[in-house]
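These are the residues of each chain, in order.
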Amino acid sequence: MKHTLADVVEIDLHTEPPRPASAELRTLYREEGESARKQATRRGLWIAVAAYLLFSITDILLVPDVARYTIAARFAVGIVAIAALEIQLRLNTSANAIDATSAAAVILAYAGWLCPAMMTADVQTISYYMVFGAIFMMSVNLFFSFRFRLSLVASGVILLIFLAALQSFPPIYPSYKLAFGTFCVSCFVFTSYVNWKLNWERYKVFLNALEAKVQHNEASERGKALLRLSNTDPLTGLENRRAIDQRLRDYWDDWQKTGHSFAAILIDVDFFKRYNDCYGHQEGDRCLVLVANALEASIEPYSGSIGRYGGEEFIVLAHLDTSERLAELAEAIRSTVENLAQAHGQRRDGTSIVTVSVGASFTRNQTGTKLEKIIHEADRALYAAKASGRNCTRLFDPNDPQSSDESENIAALLKIAIDHHLVSLVYQPIRNVVSGRVEAVEALMRLRMLDGTAVTPSLFIPVAERTGAILELGRWAIRTVCRELLMDDHVPVVSVNVSPIQLKAPGFAASVAAILGETGVAGGRLALEITEGLEMEMHSDILRCISDLKTLGIKIWLDDFGTGFAGLSWLRLIDFDTVKIDRSFLHDCGTPRGRAMLQDIIGLVRNRGHNILVEGVETDEQLALMQDFRIDQVQGFHVGRPAPAENFMAPPPADPRQARLVRPLRG
Ligand code: C2E
Ligand code: CA
Ligand code: CA
């Protein structure tokens, strides 16, 4: 089993006495404090040499006859030792080698002094004086911080020199030899033991410090890993929303402080829910990873930041100087994903690979002070990209009406519209071509500003869809229709326009059922018009919702047929009660080509057995044409303009054909 450094430290700390167990630990210990050890030894040797030279005085006092030699020896040894030490330090020799030199210098100092001192005529004095050997022993064991083995060898050699010198004395004082010999041996044993203890303590200190360091490193590594984890999207490995939000704040602060402009780019994988539904979640995840990697590569030359913003949405932030560069980057992002050529066979919009829609916004001085605004703008640009058929890029354009502050105002207005009675419904009659009866009316929403100015549906409906206000407005419309016209049987059927967003919202069918329940209106008197518009994606939720609505008896109509991409596949998937052919086909009927086109469309819808309604009938000729074409129902200014509910509330006169058609025309 391989031990980690932390394990080895732990093992050594609990071994008594501790010994370096692993080679790694040994190396660490040896290397630990190299330069500090060298400096300590250097200081020690300089002090030792100074003291050694100072003892020249005792030489003069005690052995004056040989003092000349001993002092010469002291100086010679001192100079050689210091020179050797300094040279080694210059050569950056290891601390161990320097310690060995110093230990050798101490031995040499003792021997170098003892030899000439022993030549003195005063045997008695030298017999005492030579006991100073014990000081040399103490210095290698206690004064310097040598490792145990070096200290043992050095003090052992000093002991041997001492014993040899003791031996050379005449055997006149055997008790003297015994006493001093024993003293020196005891001194050797004692100081060696203390040295061993010191080394042990030193190693323990090292181990404790190392353990603390290892623990600290481990803790900080763990902390870093945790931080990485909390900032990373587990699927794609990109930064997650939290991290990218922080990054956005950094970019923003930088822009505010230094004027370093930047762009925010939102990227949405087109028809991803369909991809998931069709290929399964695992494949969906794989697709997201593929796209994430491609996006990451595509932004590399721009040194931007990328993150996963949620579901199938990614965000890129980059410092860019011009909107041309931004357009270039947005296009690079779009084309990179397109070039992956990842198959997506379920789109039904003519494309069969995975693509992305890209919306981008750039810091502008007018942007105001709010950080969220740039994301909001990029989001709107993304919405525009999707509305333009996807797989395209859009830069936020402050001059575009859907982007303007006016749209902001509308969004705010929509929030209070119902409570402040700013929203209302008008109704446009739908006539049966054969009987000439008004069989139904279409409810059309109207919005007024607080000052009474009308806002056209083409302006406020997209804002309501974008902001989600359409959900509440839609429920309000259905309830109002039931109360105004259906409850008291003013008209047989009312059709209400619904956005796919409403159909996708959970609980929509249930809320319609509740309204029917509370107003006592039968489901069969309500028709919902669905436009194959922006949200072409035939989500499984939509299909489920439509089937629930049909269970309630509600009629489902297809609006503006022929204008979208998905009309035909919708016809296949949903059993529409009525198909409304967009007025553009009727208006193109002036040319033989246009007429043939309308006939083809009518043939196609008729073959599928749907009730056919043509919109936009404005003239007598057009109405006659519809009769020729045996169209079921017509709608248009010629039949009647949209008018308030009151226009449809009058009691039916004798000739219903005239009355019901004329009243709205005048309203
Ligand atoms: P749409 O559903 O196609 O509604 C018909 C639009 O054509 C109406 O415009 C109507 O005024 C207009 N129109 C009717 N007859 C003629 C004609 O003979 N000639 C011409 N040139 N136009 C005619 P409006 O009221 O402005 O509504 C525009 C669109 O707003 C609607 O198109 C519908 O898509 C949407 N909309 C209106 N009300 C609602 C609503 O309550 N909910 C939702 N989701 N969308 C709505
Ligand atoms: Ca409609
Ligand atoms: Ca229509």
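Look above for the structure.
Residues numbered from 1 in each chain as written. Chains lettered and ligands numbered in written order. Predicted model: local features only at pLDDT ≥ 70, side-chain atom pairs only at ≥ 80, totals over all residues. Heavy atoms only, no water.

Asker: Explain the overall build of the protein chain to me, please; I cannot follow it from the model alone.
Answerer: When helices and strands are tallied, the protein chain shows 26 helices and 14 strands. In terms of overall size, the protein chain is more extended than a compact globule, its C-alpha atoms giving a radius of gyration of 49 Å where 667 residues would be expected to give roughly 26 Å. For the protein chain, the spread of C-alpha atoms along the principal axes amounts to about 160 × 45 × 45 Å. For the protein chain, long-range pairs separated by at least 24 residues make up 69% of all intrachain contacts whose partners lie at least 6 apart in sequence. Entry remark: accessible area of the protein chain is about 32400 Å², with carbon and sulfur atoms responsible for 58%. (Helix = DSSP H or I, 4+ residues; strand = E, 2+ residues; numbered from the N terminus. Rg over C-alpha atoms; globule rule 2.2 N^0.38 Å. Contact = heavy atoms within 4.5 Å. Areas by Shrake-Rupley, 256 points an atom, 1.4 Å probe, with all protein chains shown as cover.)

Asker: Any chance you could explain the coordination of the calcium ion (ligand 2) here in plain terms?
Answerer: Note on metal sites: the ideal angle is 109.5 degrees for four tetrahedral donors, and 90 or 180 degrees for six octahedral donors. For the calcium ion (ligand 2), the full set of protein donor atoms is E442 (OE), N497 (OD1), E529 (OE) and D559 (OD), at a range of 2.1 to 2.3 Å. Between consecutive donor residues of the calcium ion (ligand 2), the sequence gaps follow E-x54-N-x31-E-x29-D. Between the two metals, the calcium ion (ligand 2) and the calcium ion (ligand 3), the spacing is 3.8 Å, and D559 donates to both. In this pair, E442 is assigned in strand 7 (residues 438-448) and E529 in strand 10 (residues 526-531), connecting sequence segments 87 residues apart. (Donors = N, O, S within 2.8 Å, 3.2 Å for Na, K, Ca; no water.)

Asker: How do you make sense of unusual backbone geometry when you look at a structure like this?
Answerer: What is expected of a backbone is that most residues other than glycine have negative phi and most peptide bonds are trans. Phi angles above zero are rare outside glycine, and N92 is one such case at about 55°. Its location among the elements puts N92 in the loop between helix 5 (67-90) and helix 6 (95-117).

Asker: Explanation requested: a nonpolar patch on the surface in the structure shown.
Answerer: Taken together, L54, I57, L61 and L62 make up a surface patch of nonpolar side chains, about 420 Å² in accessible area. In terms of residue count, helix 4 (residues 56-62) provides more of the nonpolar patch than any other element does, 3 residues in total. (Patch = residues over 30% accessible without salt bridge, like charges linked within 9 Å, V, L, I, M, F, W, Y side chains within 5 Å. Salt bridge = Lys/Arg side-chain N within 4 Å of Asp/Glu carboxyl O.)

Asker: What exactly am I supposed to notice about the nonpolar core here?
Answerer: By size, the foremost hydrophobic cluster in this structure holds 77 residues, and its most contacted members are Y427, V494, L526, L528, L549 and M626. Looking at this core element by element, the count peaks at 10 residues for helix 18 (residues 469-486). Contacts of M626, omitting those with residues within four sequence positions, involve V433, L586, L598, V614, V617, I631 and V634. In this structure, V63, I82, I98 and Y110 belong to the second largest nonpolar core, which totals 42 residues. (Core = buried A, V, L, I, M, F, W, Y, C linked by side-chain atoms within 4.5 Å. Buried < 20%, exposed > 50% of the residue type's maximum accessible area, 1.4 Å probe, protein only.)

Asker: I'm lost on the site of ligand 1 in this one. Help?
Answerer: Surrounding ligand 1, one finds 21 residues, the nearest of these being Q428, D559, R583, E618 and F637. One of the backbone N or O atoms of F637 is found 2.8 Å from an oxygen atom in ligand 1. Taking 790 Å² as the accessible area of ligand 1 by itself, protein coverage stands at 82%. With 4 residues, strand 7 is the largest single contributor of residues to the shell around ligand 1. Looking at the shell around ligand 1 residue by residue, the class counts come to 9 nonpolar, 5 polar and 7 charged. (Near = heavy atom within 4 Å. Polar contact = N/O pair within 3.5 Å; in protein donor to acceptor, adjacent residues only side chain to side chain. Nonpolar A, V, L, I, M, F, W, Y, C, P; charged D, E, K, R; others polar.)

Asker: Help me understand the pairing of strand 9 (residues 493-498), please; the structure alone is not making it clear to me.
Answerer: Counting buried positions along strand 9 gives 5 out of 6 residues, so the element sits mostly inside the fold. Where strand 7 meets strand 9, 4 bridges bridge the pair, whose relative direction is parallel. Within strand 9, the residue paired with A443 across the bridge is V496. Note that strand 9 and strand 10 share 5 bridges and pair parallel. Across the sheet, residue V498 finds its bridge partner in strand 10, namely I530. (Pairing = 2+ DSSP bridges.)

Asker: What is the right way to look at the coordination of the calcium ion (ligand 3) in this model?
Answerer: The calcium ion (ligand 3) binds to the protein through D559 (OD), D560 (OD), E615 (OE) and E615 (OE), with metal-donor distances spanning 2.0 to 2.7 Å. The sequence motif formed by the donor residues of the calcium ion (ligand 3) is D-D-x54-E. Residue D559 is classed as buried on the basis of its relative accessible area, which comes to 4%.

Asker: I would appreciate a short explanation of the pattern of salt bridges in the present structure.
Answerer: Pairing between side chains becomes possible if they bear opposite charge and their charged atoms approach one another. Following the criterion strictly, the structure yields 22 salt bridges and no others. A salt bridge links E328 to R325; the shortest N-O distance between them is 3.2 Å. Highlighted residues: E328 and R325, both in helix 14 (residues 323-340), separated by 3 residues, approximately one helical turn. Residue class for R325 comes out partly exposed when judged on its relative accessible area of 35%. For K550, the salt bridge goes to D577, with nearest N and O atoms at 3.4 Å. Taken as a pair, K550 in helix 21 (residues 540-551) and D577 in the loop between helix 22 (567-573) and strand 12 (578-581) lie far apart in primary sequence, 27 residues in all. Note on K550: relative accessible area 28%, which makes it partly exposed. D577 sits in the partly exposed class, given a relative accessible area of 27%. The structure contains a network of salt bridges with shared partners spanning E442, E529, K580 and E615.

Asker: So what exactly am I meant to see when it comes to the sheet that holds strand 3 (residues 313-319) here?
Answerer: Sheet strands line up and pair through hydrogen bonds in the backbone, either parallel or antiparallel. Spatially, the 5 strands line up as an open sheet ordered 2-3-1-4-5, and their pairing is mixed. Strands at the two margins of the open sheet, each flanked by one partner only, are strand 2 (305-310) and strand 5 (393-395). Across the sheet, the mean angle separating the axes of adjacent strands is 20° when strand polarity is ignored. As paired elements, strand 1 (residues 262-269) and strand 4 (residues 356-362) share 7 bridges and run antiparallel to each other. Paired with V269 across the strands is V356, a residue of strand 4. The strands touched by helix 14 are strand 1, strand 3, strand 4 and strand 5; relative to strand 4, the strand with the most contacts, the crossing angle is about 165°. (Axes fitted to C-alpha atoms, helices over the stretch in contact; angles between N-to-C directions.)

Fair warning: the whole summary comes from geometry, so function is off the table for now.
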